[in-house]
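Notes for the structure review
Each chain, written out:
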Amino acid sequence: MPNSLSFARVRIWDLPTRLFHALLVVSVIGLVVTGEVGGDAMKIHFWLGYTVLTLVFFRVVWGWVGGHWSRFSHFVPTPAKLRAYLQALRAQQTTSPIGHNPLGALSVLAMLSLLMLQVFSGFMSDDEISNAGPWTSLIPNNWVEWATTYHSDIGKAALLVLIGLHVSTVLYYKHVKKEDLITPMLQGDKNVPEGTPASRDSFTSRLFAAAVLLGCAYGVYRLVQLG
């Protein structure tokens, strides 16, 4: 009789990664709301933009030095792995991934890229009323016009579509495939086959993450001060 596979609760998402997700969600919601309200709320909009850029920089760095399953090397697929996953998906033979599946990994990269573009385009935007990004005095007027159009229309729409797809996918997995992706991201642990490597999530690694975050915040501060 074949041996049954044993499972154990393993730390998959370290605390810095989980806090990154939570803070990013709150910040993006705040950006959408303050952008729609306008007026005095734009002061908050700018600070939320700086916060989002800090978080994106942090996630990029943490993708190289963070916990095992937060590292790009452990979830960003090669072309061969992506092709194999798509073939298995068509054949309905996919298995539950430990961290992000290949399509989810590409979604993460797309989200980080779009968020970075959105913030940098905001740096160069000018509504010609009372709000101008910190870099508008550094670049030609035609760049300012293009950045403003991208920030207020193209980039915003692209982000909202991607966020909608992300939320829809999470709900699909929860209600159709009966796989909860939300709880592990909130709690950090997941029932996985025994022997699965755990993400480092010690007090020391959390202090290191705080130092990385402060470094990223300082980097954003210096970028803002260029203008």
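The present account deals with the structure reproduced in this document. (Residues numbered from 1 in each chain as written. Predicted model: local features only at pLDDT ≥ 70, side-chain atom pairs only at ≥ 80, totals over all residues. Heavy atoms only, no water.)

**Focus: the overall build of the protein chain**
Formally: Every helix listed is a DSSP run of H or I at least four residues long, and every strand listed is a run of E at least two residues long, numbered separately from the N terminus. A simple rule labels every residue: compare its accessible area, found with a 1.4 Å probe on the protein chains alone, to the largest value its type can have, and call it buried under 20%, exposed over 50%, or partly exposed in between. What makes two residues a contact is simply this: any of their non-hydrogen atoms within 4.5 Å. For every accessible area listed, the method is Shrake-Rupley and the probe measures 1.4 Å; residues are considered covered only by the protein chains on display.
Assigned secondary structure in the protein chain consists of seven helices and two strands. Going from the N terminus to the C terminus, the protein chain shows its helices and strands as β-α-α-α-α-α-α-β-α. With the C-alpha coordinates of the protein chain rotated into their principal frame, the extents come out at 75 × 40 × 30 Å. For the protein chain, the residues scored as buried account for 39% of the 227 residues in total. Contacts in the protein chain between residues far apart in sequence, at least 24 positions, make up 75% of those at least 6 positions apart. Looking at the protein chain as shown, the accessible area adds up to about 13500 Å², and 66% of this sits on carbon and sulfur atoms.

**Remarks on unusual backbone geometry**
Most peptide bonds take the trans configuration, and most residues that are not glycine carry a negative phi. Positive phi values are uncommon outside glycine, yet Glu-128 reaches one of about 60°. Relative to the helices and strands, Glu-128 is located in the loop between helix 4 (102–123) and helix 5 (141–175). We classify Glu-128 as exposed; its relative accessible area is 71%. Phi is positive for Lys-178, which is not a glycine, with a value near 55°. Here Lys-178 lies in the loop between helix 5 and helix 6 (182–187).

**As for the environment of Val-25**
Looking at the secondary structure, you find Val-25 in helix 1 (residues 15–37). A C-alpha to C-alpha distance of 9.5 Å links Val-25 and Val-52, two positions 27 residues apart in sequence.

**Structural notes on the environment of Leu-214**
Along the chain, the position of Leu-214 falls in helix 7 (residues 203–225). C-alpha separation for the pair Leu-214 and Val-119, spaced 95 residues apart in sequence, amounts to 19 Å.

**What about the nonpolar core?**
Stated formally: We define the nonpolar core as a collection of buried residues of types Ala, Val, Leu, Ile, Met, Phe, Trp, Tyr and Cys that are connected through side-chain atoms lying within 4.5 Å of one another.
One finds Phe-20, Leu-24, Val-52, Leu-53, Phe-58, Leu-115 and Phe-123 to be the most contacted residues of the largest nonpolar core, which totals 36 residues. Those elements that provide at least two residues to this core are helix 1, helix 2 (41–65), helix 4, helix 5 and helix 7. Here this core gets nine residues from one element, more than from any other, and that element is helix 4. Excluding residues within four positions of it along the chain, Phe-58 makes contact with Pro-16, Phe-20, Ala-209, Val-212, Leu-213 and Cys-216. Among the nonpolar cores identified, the runner-up in size contains seven residues, and Val-10, Trp-69, Ile-98 and Val-192 belong to it.

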